[in-house]
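What follows is the residue order along each chain.
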Amino acid sequence: MTTKRIDPHEMTGRPCSIAASLQVVGDRWALVAVREVMLGNHRFRQIARNTGAPTDRLSARLKDLVAAGVLTRHPLPDDPRHDGYYLTDAGRDLVGVVRELLRWGDRWAVASPPMRMRHHDHELVPRTVCESCGENVDPRDVHPEVTVTGWTLTGPTD
């Protein structure tokens, strides 16, 4: 399944992949539903219980995530009468985003971390490496380049 794509020229405000991404996963319940599927919870009831989302809102969000190509539905292996929710390639690509939100939340949003990510027998300490050159990425070395006609870093040119 392919994900729906947003034409940057049709966006209101600055054409930006962040804004486009938030149109897909920026709802209050979307990423926590994706988190639950990432954690191996595929049943609607599990996702509802673990997110605390109202079932009508969660149902709408899951439907949107399936339509956007982030999740897919297919029969559960242990109960083929019912469908479960599973990550697509686009959904699996959100793992790093969810991990960074977890890291940020641990640092800035909660009194003490309620969960930690483990890598083999130790706590995961991720780092960003440039795939092109293999160097560790220092945020001070990263610079935006506007690629949409009619826009600069300060805003529209017209």
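Residues numbered from 1 in each chain as written. Predicted model: local features only at pLDDT ≥ 70, side-chain atom pairs only at ≥ 80, totals over all residues. Heavy atoms only, no water.

Description of the overall build of the chain
Put simply, the test is: What counts as a helix is a DSSP run of H or I of at least four residues, what counts as a strand is a run of E of at least two, and both are numbered from the N terminus. Only protein chains enter the area calculation, which uses a 1.4 Å probe; residues under 20% of their type maximum are buried, those over 50% are exposed, and those in between are partly exposed. Note on contacts: a residue pair is in contact if any heavy atoms of the two residues lie within 4.5 Å. Per-residue and other accessible areas follow the Shrake-Rupley method at a 1.4 Å probe size, with only the shown protein chains counted as cover for residues. Neither His nor the chain termini are counted; the positive set is Lys and Arg, and the negative set is Asp and Glu. Just so you know, the charge point we use is NZ for Lys, CZ for Arg, CG for Asp and CD for Glu.
When its secondary structure is counted, the chain shows six helices and six strands. For the chain, the succession of helices and strands along the chain, N to C, is α-α-α-α-β-β-α-α-β-β-β-β. In terms of its C-alpha atoms, the chain occupies a principal-axis envelope of roughly 55 × 40 × 30 Å. Residue burial in the chain is summarised as follows: out of 158 residues, 25% are buried. In the chain, 42% of the contacts between residues at least 6 apart in sequence involve partners at least 24 apart. Counting only carbon and sulfur atoms, one obtains 52% of the accessible surface of the chain, whose full area is about 11800 Å². Side-chain charges in the chain split into 21 positive and 21 negative, and the spacing between the mean points of these groups amounts to 8 Å.

Looking at the state of the cysteines
Definition in use: Any two cysteine sulfur atoms lying within 2.5 Å of each other are counted as a disulfide.
Per the counting criterion, the structure on display carries zero disulfides. No disulfide involves C130; its sulfur sits 3.7 Å from the nearest other cysteine sulfur, which is in C133. Judged by relative accessible area, C130 falls into the partly exposed class, the value being 27%.

Details of the side chain of E36
By secondary structure assignment, the location of E36 is in helix α2 (residues 30-38). The residues touching E36, leaving out its near neighbours within four places in the chain, are N41, I47, N50 and T51.

Here we look at the side chain of T51
Here is the rule: The term polar contact refers here to a pair of N or O atoms within 3.5 Å; inside protein, the definition further demands a hydrogen-donor-capable atom paired with an acceptor-capable atom, and it admits residues adjacent in sequence only when both atoms are side-chain atoms.
The topology assignment puts T51 in helix α3 (residues 44-51). On the basis of relative accessible area, T51 is assigned to the buried category, the value being 14%. Within the local environment of T51, its side chain forms a polar contact with the backbone oxygen of I47, the two atoms lying 2.8 Å apart. Once residues lying within four places of it in the same chain are set aside, the contact partners of T51 are W29, V32, A33, R35, E36 and L58.

So, the packing of α2 against helix α4 (residues 55-67)
Selection criterion: Only the stretch in contact is used when a helix axis is fitted, and all axes are lines through C-alpha atoms; the angle between N-to-C directions ranges over 0 to 180 degrees. Small angles under 35 degrees read as roughly parallel and large ones over 145 as roughly antiparallel, with 65 to 115 read as roughly perpendicular and the rest as oblique. Each residue gets one of three labels, nonpolar for Ala, Val, Leu, Ile, Met, Phe, Trp, Tyr, Cys and Pro, charged for Asp, Glu, Lys and Arg, and polar for the others, Gly among them.
Between α2 and α4, whose axes approach to 10 Å, the crossing angle comes to 75°. In this view, α2 runs roughly perpendicular relative to α4, as classed from their interaxial angle. Facing α2, whose interface residues are A30, A33 and V34, α4 presents L58, R61, L62 and L65. Across the contact of α2 with α4, the residue classes tally to six nonpolar, no polar and one charged.

Focus on the pairing of strand β1 (residues 71-76)
The criterion, for reference: Strand pairing is assigned whenever DSSP detects at least two bridges linking the two strands.
Relative to strand β2 (residues 79-87), β1 is paired through six bridges, and the arrangement is antiparallel. Residue pairing for β2: L76 is matched across the bridge by D79.

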